[in-house]
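Results of the structural survey
Take a look at the letters that make up each chain.
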Amino acid sequence: MRGYTLIELLIVIAIVALLAGIAIPAYRGYSETARLSAARANMEPLRIALEDYWLDNGSYISGNWSSDGSQSLAAENGLGWHPDTGGERFIYKVTAANGGNISTSYRITVTHRDYPEATVSHIQKP
């Protein structure tokens, strides 16, 4: 009965290591892209809620506030916005800029809780 030689085993190990060296960085890139896409998708309902608030009140919500995904944000700010099912994975921050007595612009920042580098922003200017 013939077995594998040491050279054959080393060649197989080298090929597996080469494939892993190519596949692992590619997978990490796809994961990062997916996290950023999820953050953008989670930002859109909040942006719409802010625009609806502006239509009803003539200004954006003034001040700075953030949410760690809790459901109380809508009641506190009167937005009628709730984070989606991924709300516990993201931190939402809204910064409104005042122009006189009313808020004329805002910035939304959505950050993934476990991967802070996965952050997206949206700026609404007057």
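Chains are numbered independently. Their residues run from 1 in the order of the written sequence. A pLDDT threshold of at least 70 governs which residues receive local features in this predicted model, and a stricter bar of 80 or more applies before side-chain atom pairs are shown or counted, although totals over entire chains, interfaces and linings include all residues. Think of the side-chain values as coming from all heavy atoms in the structure, minus any hydrogens and water.

1. Here we look at the overall build of the protein
Each helix and strand counted, the protein has two helices and four strands in total. Starting at the N terminus, the α and β elements of the protein follow one another as α-β-α-β-β-β. In the protein, which comprises 126 residues, the proportion classed as buried is 29%. A sequence separation of at least 24 residues applies to 46% of the contacts in the protein between residues at least 6 apart. A 1.4 Å probe and the Shrake-Rupley method give the accessible areas. Residues count as covered only by the protein chains that appear here. For the protein, the exposed surface amounts to about 8300 Å²; the carbon and sulfur share of it is 60%. A run of H or I in DSSP counts as a helix once it spans at least four residues, and a run of E counts as a strand once it spans at least two, with each numbered from the N terminus. Remark: exposure states derive from per-residue accessible area (1.4 Å probe, protein chains only) relative to the maximum for the residue type, with buried under 20%, exposed over 50%, and partly exposed in between. Residues count as neighbours in contact if any of their non-hydrogen atoms are within 4.5 Å of one another.

2. Points about the packing of aromatic side chains
Aromatic pairs are defined between Phe, Tyr and Trp rings, using the six-membered ring for Trp, whenever the two ring centres lie within 6.5 Å; interplanar angles under 30 degrees are classed as stacked, those over 60 as edge-to-face, and all others as tilted. Taken as a whole, this structure holds zero aromatic pairs when the rule is applied. Two conditions define a charge sitting above a ring: the NZ of Lys or the CZ of Arg must be within 6 Å of the ring centre, and it must be within 35 degrees of the ring normal. Sitting over the face of the ring of Y115, R35 holds its NZ or CZ atom 3.7 Å from the ring centroid.

3. Observations regarding the side chain of E51
Turning to its location among the elements, E51 is positioned in helix 1 (residues 6-57). R47 is the oppositely charged side chain nearest to the buried, salt-bridge-free E51, at an N-O distance of 4.6 Å. Setting aside anything within four residues of it in sequence, one finds E51 in contact with Y60, Y106 and Q124. The convention is simple: Lys and Arg are positive, Asp and Glu are negative, and His and the chain ends are not counted. Within this document, salt bridges are pairs made up of a side-chain nitrogen of Lys or Arg and a carboxyl oxygen of Asp or Glu, the two lying within 4 Å of each other.

4. A short note on the confidence of the model for the protein
Within the protein, residue pLDDT values average 77, and 73% of them lie at 70 or more. Per-element averaging of pLDDT across the protein places helix 2 (residues 73-77) at the bottom with 51 and helix 1 at the top with 87. As a per-residue measure, pLDDT tells how confident the predictor is, with possible values from 0 to 100.

5. With respect to the nonpolar core
Put simply, buried Ala, Val, Leu, Ile, Met, Phe, Trp, Tyr and Cys residues joined by side-chain atoms within 4.5 Å make one nonpolar core. Counting 12 residues, the largest nonpolar core consists of A39, M43, L46, L50, Y60, F90, Y92, V94, Y106, I108, V110 and V120. Looking at this core, the elements with two or more residues in it are helix 1, strand 2 (90-99) and strand 3 (102-112). In terms of residue count, helix 1 provides more of this core than any other element does, four residues in total.

6. Brief notes about helix 1
Residue count minus one, scaled by 1.5 Å, sets the expected span of a helix. Here helix 1 is 52 residues long and its end C-alpha atoms lie 76 Å apart, about the 76 Å a rise of 1.5 Å per residue gives. Within helix 1 the residues assigned to the buried category are S31, R35, A39, N42, M43, L46, A49, L50 and E51. Looking one or two residues beyond helix 1, the residue adopting positive phi is G58, at roughly 80 degrees.

7. Remarks on a nonpolar patch on the surface
The patch calculation keeps residues exceeding 30% relative accessible area without a salt bridge and links them within 9 Å when they carry like charges or within 5 Å when they are nonpolar (Val, Leu, Ile, Met, Phe, Trp, Tyr). Together, L6, I7, L10, I11, I13, I15 and L19 line one region of the surface with nonpolar side chains, adding up to about 730 Å² of accessible area. Along the polypeptide, L10 turns up in helix 1.

8. Some details on the pattern of salt bridges
A complete count under the given rule lists two salt bridges for this structure. The shortest N-O distance in the salt bridge between E44 and R47 comes to 2.6 Å. Of the two residues, E44 and R47 are both situated in helix 1; the distance of three residues between them amounts to about one turn of the helix. Note on E44: relative accessible area 35%, which makes it partly exposed.

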